[in-house]
Amino acid sequence: MADKVIRTIGVLTSGGDAPGMNAAIRAVVRTGLGKGLKVRGIRRGYQGLLNEEIIDLSARDVSDTIQRGGTILQTARCEEMRTEEGQQKAAAICKKYGIDGLVVIGGDGSFAGAQKLSRLGINTIGLPGTIDLDIACTEYTIGFDTAVNTAMEAIDKVRDTSTSHERCSIIEVMGRDAGYLALWCGIANGAERILMPEEHDYNEEAIIEDIQECRKRGKKNYIIINAEGIGDSMNMAKRIEEATGMETRATVLGHMQRGGSPTCKDRVYASIMGAMAVDLLIEGKSNRVVGYKHGEYLDFDIDEALGMKKGIPTYQYEIARELAL
Ligand code: ADP
Ligand code: F6P
């Protein structure tokens, strides 16, 4: 842990954007300024840092942003940051701009970048920002609540038309490697099936049999929530229709799940986490990530956080199946 006095902090967003990132940026900026620090915004994530896209931020620069989706700082993915040279360069640029502390809002990949910068003498704090909820040290990630509500509302609409036409509907939600959005929508939308990347060995024959069974039991539709990591929704729809004779349609919700005005929960949690990140920097902490666990906001060592594993809660998955009776 570094013991230097923090005078200037930077903030960046990295990886996929998530609703609530602006609330976190706003909290970092205003907490920092309120506590006498200079605050700099880094545009376009690590790529922007390497390109020296660094701007001073005032309290007014974050006015009117808490309710906006996306990230006012823009975000990016940056291959160069994965290299040692890129990391050295990024640390040198932070030093050049007097940035003693950096708040990185993103997912595990972004935290790995923050970890490297911390080792190079820049105090770093990570905030969990991803709609995927796939960060092991925390039960909450900025953006998940908004995304899951957006997806839920969209799926309700698909369900209406699916019921009218007595169809099977496959709805693909985001989650390349993580099935939380799919699991939560599966429960919230009362889906018959949830397909998640964590359960790769899904059995299409069993689904086909189940559709036929459900028809016999008088079900008017059959909703399958399919995570992006499994994908193939269009072809799956064709195969299911052929095998069951039940009209089947696929809907891919896509990036609409990543946009939109953040929910109250995302605004509040992101604000608290943003303020906490600044307080941790002022305390001289580095290489920490803020999480929310067992009803408390906590901070974890990034090395430990990145080593933690998070699986899909089997019991919740079983409940989802039982409720589809
Ligand atoms: P997320 O932060 O949502 O997990 P990515 O995995 O795309 O998203 O990572 C975002 C960015 O973080 C990458 O484009 C890269 O710049 C940086 N990053 C990812 N992994 C590392 C790593 N091992 N070391 C340094 N930087 C990394
Ligand atoms: O933000 C997370 C996520 O939405 C994943 O679920 C998805 O696989 C990925 O981002 C897609 O990101 P992009 O289309 O920006 O590459």
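Note that the structure is predicted; figures quoted are calculated from it, not measured.

With respect to the pairing of strand β6 (residues 168-173)
Okay, so step 1: Summarising burial for β6: six of the six residues are buried, a large majority.
Okay, so step 2: Every second residue of β6 is oriented toward a common face, with C168, I170 and E172 on one face and S169, I171 and V173 on the other, all of them buried.
Okay, so step 3: Where β6 and strand β8 (residues 222-227) come together, six bridges link them in parallel fashion. Paired with C168 across the two strands is Y222, which belongs to β8.

Considering the site of ligand 1
Okay, so step 1: Residues in contact with ligand 1 amount to 15 residues; listed here are only the nearest, R77, C78, G107, G109 and S110.
Okay, so step 2: In the environment of ligand 1, a nitrogen atom lies 3.2 Å from a nitrogen or oxygen atom belonging to the side chain of R82.
Okay, so step 3: At 2.5 Å from an oxygen atom of ligand 1 is found a side-chain nitrogen or oxygen belonging to S110.
Okay, so step 4: Coverage of ligand 1 by the protein amounts to 81% of the 550 Å² it exposes when considered alone.
Okay, so step 5: Partitioning the shell around ligand 1 into residue classes produces four nonpolar, seven polar and four charged.

A look at the site of ligand 2
Okay, so step 1: If you check the shell around ligand 2, you find R77, I131, D132, M174, G175, R176, E228, H255 and R258 and nothing else.
Okay, so step 2: One of the backbone nitrogen or oxygen atoms of G175 is found 3.0 Å away from an oxygen atom of ligand 2.
Okay, so step 3: Here R176 contributes a side-chain N or O atom positioned 3.3 Å from an oxygen atom of ligand 2.
Okay, so step 4: Alone, ligand 2 offers 400 Å² of accessible surface; in the complex the protein occludes 82% of this.
Okay, so step 5: In terms of residue class, the shell around ligand 2 is built from two nonpolar, two polar and five charged.
Okay, so step 6: Both domains that meet at the shell around ligand 2, namely domain 1 (8-143 + 262-307) and domain 2 (145-258), each give it at least three residues.

Digging into the pairing of strand β2 (residues 38-42)
Okay, so step 1: Counting buried positions over the five residues of β2 gives four, a clear majority of the element.
Okay, so step 2: Note that strand β1 (residues 8-13) and β2 share four bridges and pair parallel. Paired with V11 across the bridge in β2 is G41.
Okay, so step 3: One crossover worth recording links β1 to the parallel β2 by way of helix α1 (residues 21-34), and it is right-handed.
Okay, so step 4: Two strands pair when backbone bridges link them, and β2 and strand β3 (residues 54-56) are joined in this way by three bridges, in the antiparallel orientation. When the sheet's bridge partners are listed, G41 is paired in β3 with I55.

Side note on the UniProt feature "binding site: ATP" (unreviewed entry) in the chain
Okay, so step 1: The UniProt entry lists G16, R77, C78, G107, D108, G109 and S110 under the feature "binding site: ATP" (unreviewed entry), expressed in the numbering used here. What stands out for the annotated residues spanning 95 residues is how close their C-alpha atoms remain, the widest pair being 13.9 Å apart.
Okay, so step 2: Topologically, D108 is positioned in helix α4 (residues 108-119).
Okay, so step 3: Residue contacts for D108: discarding those within four places in its chain leaves D134, I135 and L306.
Okay, so step 4: Tracing the backbone shows G109 in helix α4.

A closer look at the environment of E85
Okay, so step 1: Within the fold, E85 resides in helix α3 (residues 84-96).
Okay, so step 2: Here E85 falls in the exposed class, since its relative accessible area comes to 59%.
Okay, so step 3: Taking C-alpha positions, E85 is 31 Å from M273, a pair spaced 188 residues apart along the chain.

Describing the sheet that holds strand β7 (residues 193-195)
Okay, so step 1: Strands sit in the order β7-β8-β6-β9 across an open sheet of four strands; the sheet is parallel. Edge strands, defined here as strands with exactly one partner in the open sheet, are β7 and β9 (248-252). Across the sheet, the axes of successive neighbouring strands diverge by a mean angle of 15 degrees, strand direction being ignored.
Okay, so step 2: With respect to the sheet, helix α8 (residues 233-244) is in contact with β6, β7, β8 and β9, its orientation differing from that of β9 by roughly 170 degrees.

A word on unusual backbone geometry
Okay, so step 1: Even without glycine at this site, N287 takes up a positive phi of about 60 degrees.
Okay, so step 2: The backbone of H294 sits at a positive phi, close to 50 degrees, despite the residue not being glycine.
Okay, so step 3: By secondary structure assignment, the location of H294 is in the loop between β10 (288-293) and β11 (296-301).
Okay, so step 4: Residue classification places H294 among the exposed residues on the basis of a relative accessible area of 67%.

Rules used in this analysis
Residues numbered from 1 in each chain as written. Chains lettered and ligands numbered in written order. Predicted model: local features only at pLDDT ≥ 70, side-chain atom pairs only at ≥ 80, totals over all residues. Heavy atoms only, no water. Buried < 20%, exposed > 50% of the residue type's maximum accessible area, 1.4 Å probe, protein only. Helix = DSSP H or I, 4+ residues; strand = E, 2+ residues; numbered from the N terminus. Pairing = 2+ DSSP bridges. Near = heavy atom within 4 Å. Polar contact = N/O pair within 3.5 Å; in protein donor to acceptor, adjacent residues only side chain to side chain. Areas by Shrake-Rupley, 256 points an atom, 1.4 Å probe, with all protein chains shown as cover. Nonpolar A, V, L, I, M, F, W, Y, C, P; charged D, E, K, R; others polar. Domains from an automatic or database assignment. Right-handed = clockwise from strand over helix to strand, strands pointing away. UniProt positions renumbered as here; feature names shortened; annotations may be inferred. Contact = heavy atoms within 4.5 Å. Axes fitted to C-alpha atoms, helices over the stretch in contact; angles between N-to-C directions.

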